[in-house]
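# Chains, contacts and geometry: an overview
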Amino acid sequence: MYRTALRNVLAHKGRLLMTALAIMLGTAFVAGTMVFSDTLGQAMKNSYAKSYTDVSVQVTDHNAVGGKSDPKKGERNTAKLTEATVKAIAALPGAEHATGVVSGFTGVADRKGKLIGESWSAQGGNYAPDASGKDPRYPMVEGRGPAKAGEIALDKETAATGGYKVGDKVRTADTGPATDSVLTGIFTTDDPQVSSGATLTLLDTATAQQRLLTPGQFSSIIVKAKPGFSEQALQDQVLPKLPSAGYQFTVQTGEQLTADQSRMIAQGTANMKTMLLVFAAISLFVGIFIIANTFTMLIAQRTKELALLRAVGAGRAQVTKSVLVEALLIGLLASVAGLLAGIGIGAGMQSLVHSLSSGMPTGPLVLSPTALIVAPVVGIVVTVLSAVLPAVRASRIAPVAAMSSGDQPTSQKGLLVRNIIGFLIAGGGGALIAMGSTMGNDGRMPVGLGAGLALIGIFVLLPLLSRPVIALVGPLLAKLAGTPGKLARQNAVRNPRRTAATAAALTIGLTLVSALTVLGASVTGAVDKAVTSAMAADYDVQMANGMTMTPEMAAKISKAPGVAAASPFQDMYWDVNGTGTGVNGIDAAAAGVLLKPEVTTGSLAALGQGQALVDEDFAKKHGLAVGTKLAVDPYSGSKAELTVGGTYRGNAMLKPVLVSNAQLAKLDPTADVREVLVKGTDGTSEALRQSIMDATGNNPVVEVKTKQDIRDQFSKIITFALNMMYGLLAMSVLVAVLGVINTLAMSVFERKREIGMLRAIGLDRRGVKRMVRLESVVISLFGAAIGVALGCFLAWAVNGTLKDSLTGLTTVLPYGKLLAFLAMAGLVGLVAALWPARRAAKLDILSSIKTD
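In short, a report on the structure.

Thresholds applied
- Residues numbered from 1 in each chain as written.
- Predicted model: local features only at pLDDT ≥ 70, side-chain atom pairs only at ≥ 80, totals over all residues.
- Heavy atoms only, no water.
- Pairing = 2+ DSSP bridges.
- Helix = DSSP H or I, 4+ residues; strand = E, 2+ residues; numbered from the N terminus.
- Axes fitted to C-alpha atoms, helices over the stretch in contact; angles between N-to-C directions.
- Contact = heavy atoms within 4.5 Å.
- Phe/Tyr/Trp six-rings, centres within 6.5 Å; stacked < 30°, edge-to-face > 60°.
- Buried < 20%, exposed > 50% of the residue type's maximum accessible area, 1.4 Å probe, protein only.
- Arc of directions from axis to C-beta.
- Patch = residues over 30% accessible without salt bridge, like charges linked within 9 Å, V, L, I, M, F, W, Y side chains within 5 Å.
- Areas by Shrake-Rupley, 256 points an atom, 1.4 Å probe, with all protein chains shown as cover.
- Salt bridge = Lys/Arg side-chain N within 4 Å of Asp/Glu carboxyl O.
- 1 Å grid on protein atoms, 1.4 Å probe; cavity = no way out; pocket = protein on both sides within 12 Å on 5 of 7 lines; lining within 4 Å.
- Points joined across faces, edges and corners; volume = space filled by probe spheres on them.

## Notes on the sheet that holds strand E12 (residues 249-253)
The strand order across the open sheet formed by four strands is E2-E11-E1-E12, and the pairing between neighbours is antiparallel. The sheet is open, and its two borders are formed by strand E2 (95-101) and E12, each paired with just one other strand. Averaged over all pairs of adjacent strands, the angle between their axes in this sheet comes to 15 degrees, without regard to strand direction. With six bridges joining them, E2 and strand E11 (residues 220-225) adopt antiparallel strand pairing. Across the sheet, Gly100 pairs through a bridge with Ile221, a residue of E11. Seen against the sheet, helix H3 (residues 83-90) touches strand E1 (57-61), E2 and E11 and runs at an angle of roughly 165 degrees to E2. Sheet strands in contact with helix H7 (residues 231-238) are E1, E2, E11 and E12, and its direction is about 160 degrees off that of E12.

Given below as structure tokens:
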């Protein structure tokens with residue numbers, strides 16, 4: 001029987017080609033993901049490890065990390081790391097030297113005034129020379145380090161990108177107006193963030209403290225141990241030297257810092273690997289249908305052969321093992337090929353990432369034992385499991401079938417049981433989805449479970465659905481294509497199980513693509529609605545990196561020529577009536593000009609009286625109405641009671657509570673300014689935009705956005721995310737296409753006699769080609785239509801779970817895109833049928849009729 005299995009593989013290698021390709025692609029995706037993530041993770045670990053080679057102990061002030069605008073949540077301590085702290089630590093018996101470090105945000109403009117690099121990766125620091133007059137952290141390749149205010153040094157890559165040389169004036173910016181400084185030096189550094197594309201600007205220590213923190217303050221202190229002195233012992237000596245309230249400081253050894261960094265890198269690469277493996281799993285799941293369909297058709301075509309084996313003494317177990325051995329051989333060969341292809345994919349992904357970001361750490365390919373073993377094993381296991389049901393069916397072929405011809409009839413009882421099971425599973429899944437959609441955030445688990453059950457149920461019911469759905473297009477096919485169209489429809493529903501298995505692969509891909517598209521359109525619509533309904537200002541001014549801006553810059557913006565009204569639009573998080581709640585602040589006098597919330601009770605004028613407005617959902621949840629009291633605790637300010645002066649309909653732009661900036665300043669004097677709303681005297685204009693930019697000193701990090709700019713920016717984010725998802729799902733769609741090709745090619749072989757008879761009674765080659773192509777298009781559109789419908793249903797349910805997080809979210813169906821998906825599915829079916837249709841048209845009439 002094993003020899004028989006090997007002979008069958010060799011005899012049907014052409015028919016098994018598409019199956020092998022599907023297995024290979026899925027396995028290659030898994031292997032490529034593992035090789036790429038392992039290689040990138042190891043390269044990043046090696047790169048970041050260099051950052052701590054000269055650090056024995058590091059003291060970090062968490063209230064100063066990221067600059068003066070990033071305090072510890074809810075608390076602002078007076079304890080700081082100062083020069084006195086640095087000197088005290090440097091004087092320790094185990095310390096060779098200690099250096100105070102200042103870090104924060106500093107952006108650099110190029111000669112056209114545009115920001116160099118990304119705003120989130122723009123860094124600023126201090127140049128701290130030792131006794132030799134140099135800072136060993138930053139070796140200068142040109143010039144010298146900054147020594148006073150008005151001087152800076154840039155890393156080599158940033159200087160080259162901006163076209164700057166020593167002596168040039170360079171515009172830099174933090175959270176206030178931009179300033180011009182003289183470039184005194186260009187340096188190199190092994191900081192992995194800089195080598196990965198971040199910009200680094202060095203200032204003298206006093207200027208760095210003033211601009212990035214507060215005068216005399218350090219964000220961290222790095223300590224180098226004396227030779228022979230352990231990091232742990234030095235850490236023990238440093239701890240008692242910290243200021244009071246030392247709980248805001250952490251003291252870590254270089255070894256601990258490296259370990260923490262390695263854990264963070266491992267977690268990041270693990271998350272990336274998990275996401276990629278999910279899409280690889282989808283591809284393999286699609287491949288299951290192809291494998292099962294292929295073996296089912298092969299067994300149907302070999303009914304006489306298998307029955308004859310049973311007649312000469314082969315037992316059911318032997319027949320089952322024979323089919324499974326065939327699957328094992330195909331899985332083994334395809335998985336090994338997939339592993340080799342996956343290694344190439346991993347190398348290609350590494351090269352692609354490095355070409356897109358030249359500073360991204362790189363290194364030799366890492367071929368871990370896990371990747372070399374898991375990827376092929378997954379391919380083999382999936383192949384064998386997919387062939388189990390066809391193998392069991394093969395073992396049930398009776399010996400008497402050797403004397404008959406044709407396929408064994410499908411058991412009506414089996415179809416009835418299948419349909420009942422399908423209805424139960426799909427109905428249960430639909431019920432869970434519907435229930436979860438009404439539960440808000442708590443409904444995500446029921447929706448996820450229901451989605452899985454609904455998919456399985458639909459797959460089980462696809463044979464039942466195929467006849468009525470495909471029958472709908474029957475008249476159209478007959479009208480457009482005549483006899484080939486009628487034959488194509490009949491062929492598509494002749495074997496519902498085969499049609500369902502072929503269409504299921506496309507259903508999976510279109511379900512996911514449609515759900516993501518509808519979700520993206522719905523979220524974009526909610527944001528668009530929020531901006532349109534609640535923002536009356538012409539411009540929204542904020543920092544590109546999301547950081548806060550200084551009150552001085554906000555004041556300058558409000559005084560810019562052409563500005564009719566302006567106000568900081570503040571965003572805080574307070575305890576309101578015992579619940580952590582978002583709170584907005586706006587100048588009371590400008591609120592009616594800059595905002596246009598849909599006020600349902602009371603009025604915006606209540607803000608000028610020190611009262612608060614709340615949205616309707618918050619009011620309903622806490623039993624609030626005009627005149628009732630709110631208990632507020634700003635965490636870092638004074639507790640108070642505010643009177644409710646009105647309610648408004650909730651939207652995505654406004655938080656549940658709105659107060660005046662004057663009231664906010666009383667309760668929380670340390671509140672930060674994150675954006676400024678501006679109304680122009682003559683509306684939006686390029687002149688007003690430039691006037692606002694001039695008020696910021698043409699700060700390259702400031703963004704001046706209209707309502708349309710906000711919509712476009714968010715739309716770009718959604719589009720990028722969707723395109724990335726589409727790209728990752730492309731592999732599963734490709735596997736589905738292989739499935740269509742495989743089914744049609746085997747179906748043509750199976751129907752050689754029928755095609756010969758059609759040719760004999762007058763159907764020409766062109767008609768045969770049209771018949772096969774239309775059959776493919778019908779099957780593809782059937783799978784796509786079910787997928788689009790199911791995807792829209794799932795997106796509706798997910799939107800229901802997101803309504804608490806995104807006010808105003810409703811399900812938006814992008815009909816144009818959904819119709820485009822259906823058209824693309826039809827095109828996929830047409831392309832997939834090219835080879836099988838050509839093969840069918842070339843069949844010799846006489847030899848086909850004689851086929852047994």
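## Digging into the packing of aromatic side chains
Throughout the structure, instances matching the rule amount to four aromatic pairs. An angle of 45 degrees between the planes, with centres 6.2 Å apart, marks the rings of Phe285 and Phe459 as tilted. Remark: Phe459 occurs in helix H14 (residues 444-471) and Phe285 occurs in helix H8 (residues 254-301); sequence separation between them is 174 residues. Consider the rings of Phe793 and Trp796, whose centres lie 5.8 Å apart with planes at 20 degrees: the pair is stacked. One end of the pair, Phe793, and the other, Trp796, are both in helix H25 (residues 765-802), three residues apart, so they sit about a helical turn from each other. The exposure class of Phe793 is partly exposed, given its relative accessible area of 31%.

## Let's talk about helix H18 (residues 551-558)
Within the sequence span of H18, burial applies to Met553, Ala554 and Ile557. Down the axis, H18 shows its buried residues gathered within 100 degrees of arc, on one side only. With respect to the buried face of H18, the exposed residues turned more than 90 degrees away are Pro551 and Glu552. Among the structural elements, strand E13 (539-543), strand E14 (563-568), strand E22 (675-680), helix H22 (686-695) and strand E23 (702-705) are those in contact with the buried residues of H18.

## Points about the environment of Ala198
Relative to the helices and strands, Ala198 is located in the loop between helix H5 (192-195) and strand E10 (199-204). Accessibility expressed as a relative area gives 6% for Ala198, which makes it buried. Sequence spacing of Ala198 and Ser121 is 77 residues, and the spatial spacing of their C-alpha atoms is 4.8 Å. Apart from residues no more than four positions distant in its own chain, Ala198 is found in contact with Ser121, Gln123, Asp155, Thr158 and Gln193.

## Quick notes on a nonpolar patch on the surface
A contiguous nonpolar patch, built from Leu365, Leu367, Leu372, Ile373, Val377, Val381, Leu385 and Val388 and spanning about 640 Å² of accessible area, is present on the exposed surface. The dominant element in the nonpolar patch, judged by the number of residues it contributes, is helix H11 (residues 369-386), at five residues. By the element assignment, Leu367 lies in the loop between helix H10 (316-356) and H11.

## Thoughts on the sheet that holds E23
Spatially, E14-E22-E13-E23 is the arrangement adopted by the four strands of the open sheet, whose pairing is antiparallel. The open sheet has two edge strands with one neighbour each: E14 and E23. Strand after strand, the sheet turns through a mean of 20 degrees between neighbouring axes, direction not considered. In this structure, E13 lies alongside E23, joined through four bridges in antiparallel fashion. The residue bridging Met543 from the neighbouring strand is Val702, located in E23. Relative to the sheet, H18 contacts E13, E14, E22 and E23, its axis offset from that of E14 by approximately 160 degrees.

## Quick notes on the side chain of Ser119
Structurally, Ser119 can be placed in the loop between strand E4 (107-108) and strand E5 (122-127). Setting aside anything within four residues of it in sequence, one finds Ser119 in contact with Phe105, Ala544, Asn545 and Val701.

## What about empty space enclosed by the protein?
Using a probe with the size of a water molecule, rolled over the atoms, empty space left in the structure can be pinpointed. Summed over the entire model, instances satisfying the criterion amount to six cavities of 30 Å³ or more. Asn491, Arg498, Ser747, Arg751 and Glu775 are, among the 13 residues lining the largest cavity, the residues nearest its centre. Contributions of two or more residues to the lining of the largest cavity are made by helix H16 (483-494), helix H17 (496-534), helix H23 (707-750) and H25.

## Notes on the pattern of salt bridges
Considering all chains together, one arrives at 14 salt bridges under this definition. Arg171 is the partner of Asp180 in a salt bridge, and the nearest nitrogen-oxygen pair spans 3.0 Å. You can call Asp180 partly exposed: its relative accessible area is 44%. For Arg171, a relative accessible area of 27% gives the class partly exposed. Between Glu598 and Arg649 there is a salt bridge, with the nearest N and O atoms lying 3.1 Å from each other. Taken together, the positions of Glu598 in the loop between helix H19 (591-594) and strand E17 (599-602) and Arg649 in the loop between strand E20 (640-648) and strand E21 (657-660) put the pair 51 residues apart, joining distant regions of the chain.

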